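Coordinate inspection notes
As a plain string of letters, each chain reads:
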4 protein chains.
Amino acid sequence: MSVATVNKPRARDRQATKEALMAAAVTVIAECGYEGATTRAIADAAGCSEALIQRYFNGKEGLLLAILDKEDDRSDAALFLGRPLCSSLAQEAREMLAHSVEKISERSDRIRIVISRALLDEAFKARFNRIWIREDVKSGLESRLARYVYAGMADPDLDIGVAAEMLLSLSFELGFIHRELLQTSPDRTNRLLEQFAEMFGRAISAPLSTGRSVSESGDAPR
Amino acid sequence: MSVATVNKPRARDRQATKEALMAAAVTVIAECGYEGATTRAIADAAGCSEALIQRYFNGKEGLLLAILDKEDDRSDAALFLGRPLCSSLAQEAREMLAHSVEKISERSDRIRIVISRALLDEAFKARFNRIWIREDVKSGLESRLARYVYAGMADPDLDIGVAAEMLLSLSFELGFIHRELLQTSPDRTNRLLEQFAEMFGRAISAPLSTGRSVSESGDAPR
Amino acid sequence: MSVATVNKPRARDRQATKEALMAAAVTVIAECGYEGATTRAIADAAGCSEALIQRYFNGKEGLLLAILDKEDDRSDAALFLGRPLCSSLAQEAREMLAHSVEKISERSDRIRIVISRALLDEAFKARFNRIWIREDVKSGLESRLARYVYAGMADPDLDIGVAAEMLLSLSFELGFIHRELLQTSPDRTNRLLEQFAEMFGRAISAPLSTGRSVSESGDAPR
Amino acid sequence: MSVATVNKPRARDRQATKEALMAAAVTVIAECGYEGATTRAIADAAGCSEALIQRYFNGKEGLLLAILDKEDDRSDAALFLGRPLCSSLAQEAREMLAHSVEKISERSDRIRIVISRALLDEAFKARFNRIWIREDVKSGLESRLARYVYAGMADPDLDIGVAAEMLLSLSFELGFIHRELLQTSPDRTNRLLEQFAEMFGRAISAPLSTGRSVSESGDAPR
DNA sequence: TATGAATGAGTGTTCATTCAT
DNA sequence: GATGAATGAACACTCATTCAT
């Protein structure tokens, strides 16, 4: 009614508003937790009205789901999988781990939110797994490892699938568990990364006589 | 008068009620999430009045903290660390992983609750890490690995600390991430465990010449 | 340009849309109650935009008022009042009641809505009564009854106005209260209608003092 | 924290609070309509906290149901039915109508609320009818009328059940429709009551010859 | 003109917490 | 000490309405 009535009416751009809400939600939830993040706070952060969370996402839960669905990004893995093979398995592991750690860290807020919720909500967990478990990524990784086997660099007796799984596990450990949960410093994470890669290389390298010879000596200590 | 008071459950009840509340809280929170778990539901599950959560734990948050503190259990790691060395590194890894996976699964509810919260609450995360990162466990594990090195079974050039960290990482991956988050089946988890152990053994085994020379000295430490 | 505008539905649509909105409102309100009926649901049912409720009716309340005003339909009562007199008062009552019950049932949704609201909203009730209480209908009915008196068929000592009121009361009872509120079956309603008509006939045809003296003659008519 | 912190903590009397809430609800809903009556306003009027509406009545709807259930009062009809017979049928009708009108007017707020809602809510209507349709009252009334028949004062050929229904209909018309909906003045209501009673008496009195004689003259006026 | 994006005031409801008993 | 009645602040969500396009 008075002069100061100019309440910015926000751009009338449905898509932009939806994205502003999703970005705001990630920020606020990462800070306050899912239930701690009020729709009011999210709307304020997005610079729009609370009601739009209901209209566009069918409520707060829908907003979380939309964030989860956005996690379904096929592009960055493809990027890595398309690169030429490395000169050694250790180097391959190093680059794969480094790539993963970086990608995870870029999306760490979203991942924290989504995993935190998945741990306590069965339905959400199921949906999360449908999106998170990337069989294409795993099989892409297996293909690469298979090429090392073919090149005589990796032990043909090993289960390539398990090796791929181990690499994925280590990347999640370094990129998420250490960095986001245990708060390991970047320096230490990098050192671990280097040495995990080294060890992984040794673990699946074509057997030098060592592995065998040692097992021949097979006497248990003590 | 004084006689009649004997009828009422007294003093010792306090401790029993506290524990009933904590157990109820774990159950209810695991089911509904932390904020989804109402004090009413917890009190009902514990068979007492809501007000006691206030009195005994200084509120709901205090109850969660009490649960976290209970995680600080020094006993089961000690159990494993006290066992005799294995006949091979792969076997050592196998037993360590199996032990961890079992222990984690026994406490999976509490761990899920606590990690879910730690991911989104900085203060809680700090407290969690003070309790969760068990330097004693890690150094115990390093000691065991060192004895394999001393026995010529492990590569003395490798960083024992990193190897221990890798083993811990793999155990968390298998015991928690796969079992609780990714819902990997027990069968597949066991298969992964076997092969991770195998690969870990190869990763840190002594290389060719070294292995031999040390293994010649082959007397078990201790 | 001028040709193209013909493609767009124009001018006459305004009235059609208004009526679509009113019809939709009756349907939706009858189903969900007045406050339960959202403008969105009404607009959807009418196949147009919510904003038109604002533009055309000046808001939701205005839409209700428009519905109420439509109740002001002079035609059907006239229809009945224009018919020739019946051969008996019971028959007159029967036909009048049947006519009313039918008319009420045709408009039962609108009536339910409007009465439900009138019961709890003084202003609305006043407006409702201005429209609902049809003095013309009542006096038309009185005229008819007067003609039965004139014909010697009805007791001239009775208050014709009261008799008309009684007939109107009974028609409302049968047509609305029984059918819409008490959910009396159509069969039972019809049986009541027959006998109410019969009793009404006896009530106003008997000469005053007769009650007792005639009872001495004790033969039942019919 | 300051001096003025003394927020009356209300008597700790569950039953009293429940009744205060129900009374407040009747008042507020009668004034504002069901949906217009906010739980906040009801709680304020009752002098307690909103939360108690949820706790005690399971929400606003439950509060309305509780009000409806209170309508289930067997006592006042019994009062009337226990009285001695009157000297005439007209007098019987007069007293019955007067009694009903008075009882309805005493509870008019509750009845308005409950009927207003029943008109637009099928489930509520069903529940309302289970409580409102008092077969015991109707059969009590029939018994009384039967005694007039036995005394030779009422026509034995008439359907006593229908006569009772008519009386109940007229009482509802006078007591509720006229008084609460049409806002007929008390004076006019009383005049109608007197004459309705008179007419009812004539309607069911033992038959007179008039009926016959008038029907004999059977030519329709006009 | 008609639309639909946007809003803000206000809803019923929840819940950890307090406190008289 | 233990209870449960009571609370108030805060919640997600609704909806009639406004207004730029």
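As the structure is a prediction and not an experimental result, all values here were calculated from the model.

1. Thoughts on the relation of the copies chain C and chain D
Mapping chain C onto chain D leaves a residual RMSD of 0.2 Å; the transformation is a rotation of 180° accompanied by 0.1 Å of translation along its axis. Expressed as an axis order, the relation between the two copies is that of a two-fold axis. Taken together, the interface assignments show that 84% of the residues at the interface of chain C recur at the interface of chain D, consistent with an identical surface on both copies.

2. What to know about the interface of chain A and chain B
With 59 residues of chain A at the contact, the number on the chain B side is 64 residues. Each partner contributes to the roughly 5200 Å² buried at the junction of chain A and chain B, and carbon and sulfur atoms together form 62% of this total. The interface formed by chain A and chain B holds four salt bridges in total. The residue Arg-188 of chain B makes a salt bridge to Glu-165 of chain A at a minimum N-O spacing of 2.6 Å. Where chain A meets chain B, there are 19 residue pairs in polar contact (both at pLDDT 80 or more). Of all the secondary-structure elements, those providing two or more residues to the side of chain A that touches chain B are α1 (14-32), α7 (108-118), α8 (122-132), α10 (160-181), α11 (186-204) and α12 (209-217) of chain A. Partitioning the side of chain A that touches chain B into residue classes produces 31 nonpolar, 12 polar and 16 charged.

3. Topic: the confidence of the model for chain A
All names here are of chain A. When pLDDT is averaged across chain A, the result is 87; 88% of the residues are at 70 or more. Confidence drops under pLDDT 50 across residues 1-9; counting only partners more than four residues distant or on other chains, this segment forms one contact. Confidence drops under pLDDT 50 across residues 209-222; counting only partners more than four residues distant or on other chains, this segment forms 27 contacts.

4. A closer look at helix α11 (residues 186-204) of chain B
Between its terminal C-alpha atoms α11 of chain B stretches 27 Å, which fits the 27 Å expected from 19 residues at 1.5 Å a residue. Here α11 of chain B has its buried residues at Thr-189, Leu-192, Leu-193, Phe-196, Ala-197, Met-199, Phe-200, Gly-201, Ala-203 and Ile-204 of chain B. Turning to α11 of chain B, the residues buried within the fold contact α10 and α11 of chain A together with α6 (89-106), α9 (135-150) and α10 (160-182) of chain B.

5. With respect to the interface of chain C and chain D
Residue-level contacts link 70 residues of chain C with 62 residues of chain D. Summed over both sides, the interface of chain C with chain D buries roughly 5800 Å², with 62% coming from carbon and sulfur. Ranking the residues of chain C by area buried against chain D places Leu-119, Leu-120 and Met-199 of chain C at the top, with a combined share of 13%. For Asp-155 of chain C, the salt bridge identified is with Arg-202 of chain D, shortest N-O distance 2.9 Å. Across the chain C-chain D interface, the total number found is 18 residue pairs in polar contact (both at pLDDT 80 or more). Counting only elements with at least two residues in the side of chain C that touches chain D, the list comes to α2 (12-32), α8 (108-118), α9 (122-132), α10 (135-150), α11 (160-181), α12 (186-205) and α13 (210-217) of chain C.

6. Points about the protein's contact with DNA strand F
Residues in contact with DNA strand F amount to 38 residues; listed here are only the nearest, Thr-38 of chain A, Tyr-56 of chain B, Thr-39 of chain C together with Arg-14 and Tyr-56 of chain D. Counting only the atoms of DNA strand F within 4 Å of the protein, the fraction contributed by sugar and phosphate is 62%. For DNA strand F, a sugar or linking oxygen lies 3.3 Å from a polar atom in the side chain of Gln-54 of chain A. At the level of elements, α3 (51-57) of chain A, α3 (51-57) of chain B, α3 (39-46) and α4 (51-57) of chain C together with α1 (14-32) and α3 (51-57) of chain D are the ones that each hand at least two residues to the surface near DNA strand F. Residue composition of the surface near DNA strand F, by class: 13 nonpolar, 12 polar and 13 charged.

Rules of the game
Residues numbered from 1 in each chain as written. Chains lettered and ligands numbered in written order. Predicted model: local features only at pLDDT ≥ 70, side-chain atom pairs only at ≥ 80, totals over all residues. Heavy atoms only, no water. Least-squares fit on C-alpha atoms with pLDDT ≥ 70 in both. Contact = heavy atoms within 4.5 Å. Buried area = accessible area lost by both parts, 1.4 Å probe. Salt bridge = Lys/Arg side-chain N within 4 Å of Asp/Glu carboxyl O. Polar contact = N/O pair within 3.5 Å; in protein donor to acceptor, adjacent residues only side chain to side chain. Helix = DSSP H or I, 4+ residues; strand = E, 2+ residues; numbered from the N terminus. Nonpolar A, V, L, I, M, F, W, Y, C, P; charged D, E, K, R; others polar. pLDDT = per-residue confidence, 0-100. Expected span 1.5 Å × (residues − 1). Buried < 20%, exposed > 50% of the residue type's maximum accessible area, 1.4 Å probe, protein only. Near = heavy atom within 4 Å.

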